[in-house]
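Here's the letter readout for the chains.
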Amino acid sequence: MQNVQGILLVIAAMAGFTIEDMVIKHLSQALPVGQILVLIGCGSALVFAVMSEARRQSVLARAAWRPIFLVRAAAEATAAMAFVTALSLVDISVVAAVFQATPLVITMGAALFLGEAVGWRRWSAIGLGLAGVLLIIRPGLAGFEPAALFVLISVCAVATRDLVTRRIDVAVSSTVVSFQGFAAVIPAGAAMLLVSGTAPVALSWGQGALLMVGIVFGALAYYAIVQAMRIGDAAAVTPFRYTRLLFSLLAGVLVFGERPDALTLLGAALVIGTGLYTFLREHRLARRGGTGAA
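Starting afresh in each chain, residues are numbered from 1 along the sequence in its written order. Local features are withheld for residues below a pLDDT of 70 in this predicted model, meaning they are given only at 70 or higher, and side-chain atom pairs are given and counted only at 80 or more; totals for whole chains, interfaces and linings count all residues. Calculation of side-chain values draws on the structure's entire complement of heavy atoms; hydrogens and water are dropped beforehand.

Student: Go over the overall build of the chain with me, naming the residues and quoting the values.
Tutor: Within the chain, the secondary structure is distributed over twelve helices and zero strands. Working definition: helices are DSSP H or I runs of at least four residues, strands are E runs of at least two. Numbering for both runs from the N terminus. When the helices and strands of the chain are listed from N to C terminus, the series reads α-α-α-α-α-α-α-α-α-α-α-α. Each radius of gyration is computed over the set of C-alpha atoms, and the globule rule expresses the reference value as 2.2 Å times the number of residues to the power 0.38. Its C-alpha radius of gyration of 19 Å places the chain within 12% of the 19 Å reference for a compact globule of 294 residues. By its C-alpha atoms, the chain is 55 × 55 × 40 Å across when sized along the principal axes. Any two residues whose heavy atoms approach within 4.5 Å are treated as being in contact. In the chain, once contacts between residues fewer than 6 apart in sequence are set aside, the share between residues at least 24 apart is 86%. Computed by Shrake-Rupley with a 1.4 Å probe, the accessible areas treat only the displayed protein chains as cover when residues are assessed. Looking at the chain as shown, the accessible area adds up to about 14,000 Å², and 69% of this sits on carbon and sulfur atoms. We treat Lys and Arg as the positive residues and Asp and Glu as the negative residues; His and chain ends play no part in the count. We put the charge of a Lys on NZ, of an Arg on CZ, of an Asp on CG and of a Glu on CD. The distance from the centre of the 20 positive side-chain charges to the centre of the 13 negative ones in the chain is 9 Å.

See below:
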């Protein structure tokens, strides 16, 4: 029963993240990307600051501001800048499809930089998954969109964030860590405004309300995913993270009038299939106490 609850929470979280993405993409048509980052950073950081204080966990605790936490926050800010920029320029379905390669990049990074054992089967899956990414973005071909490379930057930054997270002090609560990540987005967005020379735009009441919707759904999605991983078995609930792509495809078609072509869908299928295989392979080896060479 707990696994069923966990699966439902993951699906709800992926729907929430998709709603947040839709809000960002819509707002980016009228607001500078840097301004969107500042506003989302402020709103989300406030949410997690309140959550932390409610649990009597200080966001200013010295243990939470060691250099490794700052590295994680910097990676979070880089990921946000690249992801929101990609959403503003590229179809939401393409962004979501490429972003599903994140687990593969994390596995590759763990092997290359953390010395974790990865056998030939998972390396083959990573290679196929990256080939799927190439099918989606198509570098050098007529359908190539250079802005899609921002998604790859975001994927690498998220992978860096998650790999660093494995090394941080577990005594520091996840709400405090999340506060740091969103707080880092604020100066990142301000820097984008400064570098681009773009002036902030006054929000209408409708835009302000839409922004609040995005912040609320993003925070609820985060809470749901944390709860899901706590109450459900990882092998049961993690594969349902890929429902985010389904929701994004539906949003792209129904809300933004997108029409993903056959190569995009084929590439997305390769990314999801190899990602699922890699996760299930890692889970099976962990249960057996084996190595990546198996």
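Moving on from the coordinates now.
Student: Help me get a handle on the side chain of T85, residues and values and all.
Tutor: On the secondary structure map, T85 appears in helix α3 (residues 67-89). Summary of the burial criterion: residues with accessible area below 20% of their type's maximum are buried, those above 50% are exposed, and those between are partly exposed, where the area comes from a 1.4 Å probe applied to protein chains only. T85 sits in the buried class, given a relative accessible area of 11%. Only 2.6 Å separates the side chain of T85 from the backbone oxygen of M81, close enough to count as a polar contact. Here T85 is in contact with V33, F150 and M192, once residues within four sequence places are set aside. Pairs of N or O atoms are called polar contacts if they sit within 3.5 Å, as long as, within protein, a hydrogen donor faces a hydrogen acceptor (for residues adjacent in sequence, only side-chain-to-side-chain pairs).

Student: Explain unusual backbone geometry residue by residue, including any values.
Tutor: Positive phi is not limited to glycine here, since R56 has a value of about 60°. Residue R56 is classed as exposed on the basis of its relative accessible area, which comes to 81%. One non-glycine residue, R138, adopts positive backbone phi at about 55°. You can see R138 is positioned in the loop between α6 (120-137) and α7 (149-165). For R138, a relative accessible area of 12% translates into the label buried.

Student: If you had to explain the packing of aromatic side chains to someone new, which residues and values would you point to?
Tutor: Only rings of Phe, Tyr and Trp enter the pairing, Trp through its six-membered ring, and a pair is recorded when the two centres are within 6.5 Å. The plane angle decides the type: under 30 degrees is stacked, over 60 is edge-to-face, the rest tilted. Throughout the structure, instances matching the rule amount to three aromatic pairs. On the basis of an interplanar angle of 10° and a centroid distance of 5.6 Å, the ring pair of F48 and F182 is categorised as stacked. Placement of the pair is F48 in helix α2 (residues 33-54) and F182 in helix α8 (residues 174-196), with a sequence separation of 134 residues. Owing to a relative accessible area of 26%, F182 belongs among the partly exposed residues under this scheme. Plain terms: the ring middles of F48 and Y222 are 4.8 Å apart, the flat faces sit at 85° to each other, and that makes the pair edge-to-face. With a gap of 174 residues between them, F48 in helix α2 and Y222 in helix α9 (residues 205-231) connect regions that are remote in the sequence. A residue is classified by how much of its surface remains accessible, and Y222, at 18% relative accessible area, is buried. By way of ring pairs, the aromatic residues F48, F182 and Y222 are connected into one cluster.

Student: Outline helix α11 (residues 243-254), supporting the account with residue identities and numerical values.
Tutor: Residue count minus one, scaled by 1.5 Å, sets the expected span of a helix. For α11, built from twelve residues, the straight-helix expectation of 16 Å at 1.5 Å per residue is met to within 8% by its first-to-last C-alpha distance of 16 Å. Listing the buried residues of α11 in full gives T243, R244, L245, S248, L249, A251 and G252. Buried residues in α11 make contact with α1 (2-27), α3, α4 (92-99) and α12 (262-288).

Student: Help me get a handle on the packing of α3 against α8, residues and values and all.
Tutor: Here an axis means a line fitted to C-alpha atoms, over the contact stretch when the element is a helix, while the angle between two N-to-C directions is reported on a 0 to 180 degree scale. Where α3 contacts α8, the two axes come as close as 8 Å, and the packing angle between them is 55°. By the angle between their directions, the pair α3 and α8 is classed as oblique. Helix-helix and strand crossings are classified by hand; for α3 and α8 the assignment is right-handed. Where α3 abuts α8, its residues F69, R72, A73, E76, A77, A80, M81 and T85 lie against V177, Q180, G181, A184, V185, A188 and M192. Classifying every residue of the contact of α3 with α8 by side-chain character gives ten nonpolar, three polar and two charged. With respect to orientation, any angle under 35 degrees is reported as roughly parallel, any angle over 145 as roughly antiparallel, any angle of 65 to 115 as roughly perpendicular, and every other angle as oblique. A crossing counts as left-handed when the near helix is turned anticlockwise from the far one by less than a right angle, and as right-handed when that turn is clockwise. Polar here means any residue other than Ala, Val, Leu, Ile, Met, Phe, Trp, Tyr, Cys and Pro, which are nonpolar, and Asp, Glu, Lys and Arg, which are charged; Gly is therefore polar.

Student: Explain the environment of R72 to me, and be specific about the residues and the numbers.
Tutor: By the element assignment, R72 lies in helix α3. Judged by relative accessible area, R72 falls into the buried class, the value being 10%. Each C-alpha atom of the pair R72 and L163 lies 8.9 Å from the other, and the pair is 91 residues apart in sequence. Non-local contacts of R72, meaning those with residues more than four positions away in its chain, are made with R161, V164, T165, I168 and V177.

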